[in-house]
Amino acid sequence: MLKDILKRHQVILASGSPRRHQFLKELDIPFTVKLKSVEEIYPPELTSFEITNFLSELKAEALREDLKFNDILITSDTIVWNEEKALGKPIDATDAFTMLESLSGKTHEVITSVTFTTKETQRTVHDITKVTFKEFSAEEIIYYIENFEPFDKAGAYGIQEWIGLIGITKVEGSYFNVVGMPTHLVYKNLAEISQF
């Protein structure tokens with residue numbers, strides 16, 4: 001099993017997200033958490049998964065020089081891609097309302113990139129999940145923002161929260177990708193990398 005293979009390595013997750021921490025625990029992958037603040041700015045010509053790939057690799061660069069020989073650093077980034085526009089984390093309640101209103105009654109993409117960095121190598125993978133929302137009333141959006149404060153979530157929503165329970169009519173692709181980590185890709189790539 002992967003847990004046994006990883007005994008020769010130190011997996012480092014560079015994320016403060018409790019959801020990502022929980023995923024690695026549930027995958028039975030031993031890990032430590034290391035955080036370094038990065039200004040998440042990307043070139044304006046990037047679109048879709050190019051944005052998340054760039055930001056995920058940017059986060060890795062901030063920690064790369066500190067890696068030891070057997071370390072495997074995991075960094076990631078998630079955006080909501082809607083109508084040719086990237087939606088990151090909302091800055092306030094007004095921004096969250098605007099984002100959710102723009103997603104109402106439509107299908108959007110949730111894109112997560114994950115970068116695996118060692119002292120000698122780096123690989124980045126991404127996953128795209130299509131999510132369809134029903135039409136939301138203004139009251140539903142306000143209720144959700146006031147009660148769940150989704151300011152730490154791309155697109156201003158958590159699929160596992162109230163708004164997802166009442167509003168999602170269709171999911172095409174990995175559910176876990178929408179929560180914040182394409183777990184199947186993480187497991188597969190860790191297994192491949194740990195062989196070296």
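The present account deals with the structure reproduced in this document. (Residues numbered from 1 in each chain as written. Predicted model: local features only at pLDDT ≥ 70, side-chain atom pairs only at ≥ 80, totals over all residues. Heavy atoms only, no water.)

## Describing helix H5 (residues 138–148)
The cut-off we apply is this: Note on exposure labels: buried denotes an accessible area under 20% of the residue type's maximum, exposed denotes more than 50%, and partly exposed covers the range between, all computed with a 1.4 Å probe on protein chains only. A run of H or I in DSSP becomes a helix once it reaches four residues, and a run of E becomes a strand once it reaches two; helices and strands are each numbered from the N terminus. Directions from the helix axis toward the C-beta atoms define the arc. Should any heavy atoms of two residues lie within 4.5 Å, those residues are counted as being in contact.
Those residues of H5 not exposed but buried are Ile141, Tyr144 and Ile145. The buried side chains of H5 occupy one side of the element, clustering within an arc of 95 degrees when seen end-on. H5 presents Glu139 and Glu146 as exposed residues on the side facing more than 90 degrees away from its buried surface. Contacts from the buried residues of H5 go to helix H4 (93–103) and helix H6 (162–167). Just beyond H5, the residue with positive phi is Glu149, at close to 40 degrees.

## Observations concerning the pairing of strand E3 (residues 71–82)
On any regular strand, side chains alternate: one points to one face of the sheet, the next to the other face. Operational definition: A pair of strands is considered paired only if DSSP assigns at least 2 bridges between the two.
In terms of residue burial, E3 counts as a mostly covered element, since 12 of its 12 residues are buried. With burial as the criterion, each face of E3 is covered, one bearing Asp71, Leu73, Thr75, Asp77, Ile79 and Trp81 and the other bearing Ile72, Ile74, Ser76, Thr78, Val80 and Asn82. Bridge analysis of strand E1 (residues 10–13) against E3 gives four bridges, and the strand direction is parallel. Bridge pairing links Ile12 to Leu73 in E3. Note that E3 and strand E5 (residues 107–117) share nine bridges and pair antiparallel. Residue pairing across strands places Ile74 opposite Phe116, the latter belonging to E5. Inspection of the sheet shows E3 paired to strand E4 (residues 85–87) by three bridges, in the antiparallel sense.

## A closer look at unusual backbone geometry
One non-glycine residue, Asp28, adopts positive backbone phi at about 60 degrees. Within the element layout of this structure, Asp28 appears in the loop between helix H2 (18–26) and strand E2 (32–33). Despite not being glycine, Ser48 has its phi angle at roughly 50 degrees, a positive value. Along the polypeptide, Ser48 turns up in the loop between E2 and helix H3 (49–64).

## Details of a nonpolar patch on the surface
Keep this limit in mind: Here a patch means residues that are over 30% exposed by relative accessible area and free of salt bridges, tied together within 9 Å if like-charged and within 5 Å if nonpolar (Val, Leu, Ile, Met, Phe, Trp, Tyr). Accessible surface is estimated by sampling points in the Shrake-Rupley manner with a 1.4 Å probe; for residues, cover comes only from the protein chains shown. Salt bridges are identified by distance alone: a Lys or Arg side-chain nitrogen within 4 Å of an Asp or Glu carboxyl oxygen.
Together, Val171, Tyr175 and Phe176 give the surface a local cluster of nonpolar side chains, amounting to about 250 Å² of exposed area. Take Val171: it is sitting in strand E7 (residues 168–172). Relative accessible area serves as the criterion here: at 33%, Val171 is assigned to the partly exposed category.

## Observations concerning the environment of Arg64
Threshold: N or O atoms closer than or at 3.5 Å make up a polar contact, with two conditions inside protein: a donor-capable atom paired with an acceptor-capable one, and, for residues adjacent in sequence, both atoms drawn from side chains.
By the element assignment, Arg64 lies in helix H3. For Arg64, a relative accessible area of 23% corresponds to the partly exposed category. Arg64 sits 56 residues away from Glu120 along the chain, and the two C-alpha atoms are 9.8 Å apart. Among all residues touching Arg64, those that are not within four sequence positions of it are Thr117, Thr118, Lys119, Glu120, Thr121 and Gln122. A distance of 3.5 Å separates a polar side-chain atom of Arg64 from the backbone oxygen of Thr121.

## What to know about the environment of Ser15
Its location among the elements puts Ser15 in the loop between E1 and H2. Its relative accessible area of 6% is what places Ser15 among the buried residues. Ser15 sits 90 residues away from Gly105 along the chain, and the two C-alpha atoms are 31 Å apart.

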